[in-house]
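Structural overview for review
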Amino acid sequence: NDDDEVVQANIKQQLAKAKKVRDQTREYIDQALEDVRLGASVDTKKAKTIVSALVDNIVTNRDASMWLTQLKKRDEYTAIHSVNVCILSISFGRALGLSKQELNVLGLGALLHDMGKMKTPLEVLNKPGKLTDEEFEIMRSHPGQGYELLKNDKNIPPESLDIVLAHHERLNGKGYPDGRDEAAIPYFTRIVTITDVYDAVTSDRVYHDGMTPHDALKNMYKWMPGNYDKELMEAFIKTI
C-alpha cells in the first residue's frame, strides 16, 4: 500500500544519505593515512567536519549507518575499521544519551584511534601467523605513535586524544601502552575500547574469519571481567 511505499522510499533516502557520508569519511581516512605515510600532517579540521556530518546522520537515523558497517572487505582493513569504529561509537554514544557535542568528541577520537598503525610495517600489521615477541612490541607501539602524531593539533580535544593513546588499556591494568588501572581510563575511551574490539572480532582478517555479531557479543561478555566496563558492555549488547 501507499504507506509501505513511503516507508521504503524513506529508507532508501536515508541509506543513500548515510552511504554518502560514509564514503566521504572513507575517502578522508584513506587520504589521512596516505598523508602520514608521506610524512605530511593530518587534516584534522576536515576530520571534525566529517564527524559532525556523521553525528547529524546517525542522530537522524542510526540504523542506516549501522547497516553500512556490515559492508566489510578484507583489504584496506585499517581504513574501513576506523570508519566502522567511528559509526559504532557515535551510535552507541547516542544510545547512552550523550549530547551532540559529546558525540563529536567521541566520534573524532574513534575515527583517528588507529592512526599510529601507519607507522607499523605492513608485514607485521597483516601477518597471517602468530606474531613474534618483537613483532608484538612493534604492534603495541601504535597507540603511542598515533598520540605523538596528533598531540600538538589544536583541533583535537584532550578526550579524543586520550582515545587514540589508551584504546588498548584494560581495567585490570594489563593493557598497553601504559598499563593504566581502571580509575585512569576515561569514559569515552572505555566506549571505544568496546566498539574497537567488536568491529575487530566481527571482521574477516588474514589471520582469522570474523565472528557473527551474536558470537562476538557472547564472547565479549565472557571476556568482560577485568577488560571492559560492565555497565557499558551490557548497554552495548542492548544497542547492537
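Here we summarise the structure given alongside this text.

Cut-off values and rules
- Residues numbered from 1 in each chain as written.
- Predicted model: local features only at pLDDT ≥ 70, side-chain atom pairs only at ≥ 80, totals over all residues.
- Heavy atoms only, no water.
- Helix = DSSP H or I, 4+ residues; strand = E, 2+ residues; numbered from the N terminus.
- Expected span 1.5 Å × (residues − 1).
- Buried < 20%, exposed > 50% of the residue type's maximum accessible area, 1.4 Å probe, protein only.
- Arc of directions from axis to C-beta.
- Polar contact = N/O pair within 3.5 Å; in protein donor to acceptor, adjacent residues only side chain to side chain.
- Contact = heavy atoms within 4.5 Å.
- Phe/Tyr/Trp six-rings, centres within 6.5 Å; stacked < 30°, edge-to-face > 60°.
- Salt bridge = Lys/Arg side-chain N within 4 Å of Asp/Glu carboxyl O.
- Axes fitted to C-alpha atoms, helices over the stretch in contact; angles between N-to-C directions.
- Parallel < 35°, antiparallel > 145°, perpendicular 65-115°, else oblique.
- Left-handed = near helix turned anticlockwise from the far one by under 90°.
- Nonpolar A, V, L, I, M, F, W, Y, C, P; charged D, E, K, R; others polar.
- Core = buried A, V, L, I, M, F, W, Y, C linked by side-chain atoms within 4.5 Å.

**Structural notes on helix α2 (residues 44–60)**
It helps to recall that an α-helix has 3.6 residues per turn; residues three or four apart then point in one direction. With 17 residues, α2 extends 24 Å between its outermost C-alpha atoms, agreeing within 8% with the 24 Å of an ideal straight helix rising 1.5 Å per residue. Among the residues of α2, Thr44, Ala47, Ile50, Val51, Leu54, Val55, Asn57 and Ile58 are the ones counted as buried. In an axial view of α2, the angular spread of the buried residues amounts to 165°, which keeps them on one side of the axis. Of the exposed residues in α2, those oriented more than 90 degrees away from the buried face are Lys45, Thr49 and Thr60. Where α2 begins, the capping side chain belongs to Asp43, and its oxygen is found 3.4 Å from the backbone nitrogen of Lys45.

**Observations regarding the side chain of Thr44**
By the secondary structure assignment, Thr44 is in helix α2. At 3.3 Å, the side chain of Thr44 and the side chain of Asn155 are in polar contact. Sequence-distant contacts of Thr44, defined by excluding residues within four places in its chain, comprise Tyr28, Leu112, Leu150, Asp153, Asn155 and Ile156.

**Considerations on the packing of aromatic side chains**
Under the criterion given, the structure shown has 4 aromatic pairs. Taking 5.1 Å as the distance between ring centres and 65° as the angle between the ring planes, the aromatic pair formed by Phe92 and Phe236 counts as edge-to-face. One end of the pair, Phe92, is in helix α4 (residues 77–95); the other, Phe236, is in helix α12 (residues 230–239), and 144 residues separate them in sequence. Taken together through their ring pairs, the aromatic side chains of Phe92, Tyr198 and Phe236 make up a single cluster.

**Here's the deal with the pattern of salt bridges**
Under the counting rule described, the total for this entry stands at 11 salt bridges. Here Glu137 and Arg140 are joined by a salt bridge, their closest N and O atoms 3.5 Å apart. One end of the pair, Glu137, and the other, Arg140, are both in helix α7 (residues 133–140), 3 residues apart, so they sit about a helical turn from each other. You can call Arg140 partly exposed: its relative accessible area is 25%. The salt bridge involving Lys230 is made with Glu234; its shortest N-O contact spans 2.8 Å. Here the residue Lys230 and the residue Glu234 both occupy positions in helix α12, the gap between them amounting to 4 residues, near one helical turn.

**Regarding the packing of helix α5 (residues 100–112) against helix α9 (residues 158–166)**
Close contact between α5 and α9 brings their axes to 8 Å; oriented N to C, the two are set at 30°. Comparing their axes, α9 and α5 come out roughly parallel. Between α5 and α9 lies a crossing of right-handed hand. Residues Val105, Leu106, Leu108, Gly109, Ala110 and Leu112 of α5 form the contact with α9, whose participating residues are Glu159, Ser160, Ile163 and Val164. Class assignment for the residues of the contact of α5 with α9 results in 7 nonpolar, 2 polar and 1 charged.

**Re the side chain of Asn57**
Relative to the elements of secondary structure, Asn57 occurs in helix α2. A relative accessible area of 3% means that Asn57 is categorised as buried.

**Focus on the environment of Pro121**
Mapping Pro121 onto the fold places it in the loop between α5 and α6 (122–125). Overall, the relative accessible area of 29% leaves Pro121 in the partly exposed class. For the pair Pro121 and Glu135, spaced 14 residues apart in the sequence, the C-alpha separation amounts to 9.5 Å.

**Description of the nonpolar core**
Core analysis: the largest hydrophobic core is formed by 52 residues, its most contacted members being Tyr28, Ile29, Ile90, Leu112, Met115, Leu150 and Met233. Looking at this core, the elements that each hand over two or more residues are α1 (2–37), α2, α4, α5, α9, α10 (187–202), α11 (213–223) and α12. Tallying contributions element by element places α4 first for this core, with 8 residues. Not counting the four nearest positions on each side in its chain, Leu150 is found in contact with Val42, Thr44, Leu112, Met115, Ile156, Leu161 and Val164.

**Things to note about the packing of α4 against α10**
Where α4 contacts α10, the axes come no closer than 9 Å and their chain directions differ by 130°. What the angle tells us is that α4 and α10 run oblique. As α4 packs across α10, the resulting crossing turns out to be right-handed. Of α10, the residues touching α4 (which contributes Tyr77, His81, Asn84, Val85, Leu88, Ser89 and Phe92) are Ile191, Val192, Thr195, Asp196, Tyr198, Asp199 and Ala200. Here the contact of α4 with α10 is composed, by residue class, of 8 nonpolar, 4 polar and 2 charged.

Limitation: the analysis is restricted to geometry and does not speak to function.
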